[in-house]
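Residues per chain are reported as follows:
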Amino acid sequence: MFYRNLLVTLAVALPVVVFAAQNPAKPDNTSADTDTNDKVACIMEFIDSELDADKHDAYIDECVKQKVAARKNPAQKKG
């Protein structure tokens, strides 16, 4: 089980790392870039949580909504 999760994580993370290496960070990131980063982070969180595959879409959607809401209203950050 652990090796499968590690393999999936690497399969998702490797293209992101390669893309980031080829395209240096710009100070004016577009919202599409930020949305993509949020979605990738949510997918990684889902893999780490080891929930059932049938909860994948709902978990990712809710996670992205929370990240977008936190980005739009940084005054309400928890921590």
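Above this text sits the structure in question.
Quantities reported herein were computed from a predicted structural model and do not represent experimental measurements.

Caption draft 1: How the structure looks around helix α3 (residues 56–72). Given a rise of 1.5 Å per residue, 17 residues ought to cover 24 Å, and the 24 Å separating the end C-alpha atoms of α3 matches this to within 8%. Looking at α3, one finds that the buried residues are Ile 60, Cys 63 and Val 68. Within α3, the buried residues cover an arc of 135° as seen down the axis, which keeps them to one side. Away from its buried face, by an angle of more than 90 degrees, α3 presents the exposed residues Ala 58, Lys 65 and Lys 72.

Caption draft 2: Local environment of the packing of aromatic side chains. As enumerated under the stated definition, the model contains one aromatic pair in all. Aromatic side chains Phe 46 and Tyr 59 sit 5.5 Å apart centroid to centroid with 55° between the ring planes, which places their arrangement in the tilted category. Highlighted residues: Phe 46 in helix α2 (residues 31–49) and Tyr 59 in helix α3, separated in sequence by 13 residues. Overall, the relative accessible area of 9% leaves Phe 46 in the buried class. A relative accessible area of 26% places Tyr 59 in the partly exposed class.

Caption draft 3: Region of the structure containing the layout of surface pockets. There is about 240 Å³ of room inside the second largest pocket. Lining the second largest pocket are 12 residues; nearest its centre among them are Arg 4, Asn 5, Phe 46, Ile 47 and Leu 51. Mapped onto the lining of the second largest pocket, the elements with two or more residues apiece are α1 (2–22) and α2. Of the residues that constitute the lining of the second largest pocket, the class distribution is seven nonpolar, two polar and three charged.

Caption draft 4: Structural context of the state of the cysteines. In the structure shown here, the tally under the stated rule is one disulfide. In this model, Cys 42 is linked to Cys 63 through a disulfide, with the two sulfur atoms separated by 2.1 Å. Between Cys 42 and Cys 63 the sulfur-sulfur dihedral comes to about -80°; the bridge is accordingly left-handed. Of the two residues, Cys 42 sits in helix α2 while Cys 63 sits in helix α3, which places them 21 residues apart along the sequence. The exposure classification of Cys 42 matches that of Cys 63, with both residues buried.

Reading the values: the criteria
- Residues numbered from 1 in each chain as written.
- Predicted model: local features only at pLDDT ≥ 70, side-chain atom pairs only at ≥ 80, totals over all residues.
- Heavy atoms only, no water.
- Helix = DSSP H or I, 4+ residues; strand = E, 2+ residues; numbered from the N terminus.
- Expected span 1.5 Å × (residues − 1).
- Buried < 20%, exposed > 50% of the residue type's maximum accessible area, 1.4 Å probe, protein only.
- Arc of directions from axis to C-beta.
- Phe/Tyr/Trp six-rings, centres within 6.5 Å; stacked < 30°, edge-to-face > 60°.
- 1 Å grid on protein atoms, 1.4 Å probe; cavity = no way out; pocket = protein on both sides within 12 Å on 5 of 7 lines; lining within 4 Å.
- Points joined across faces, edges and corners; volume = space filled by probe spheres on them.
- Nonpolar A, V, L, I, M, F, W, Y, C, P; charged D, E, K, R; others polar.
- Disulfide = S-S within 2.5 Å.

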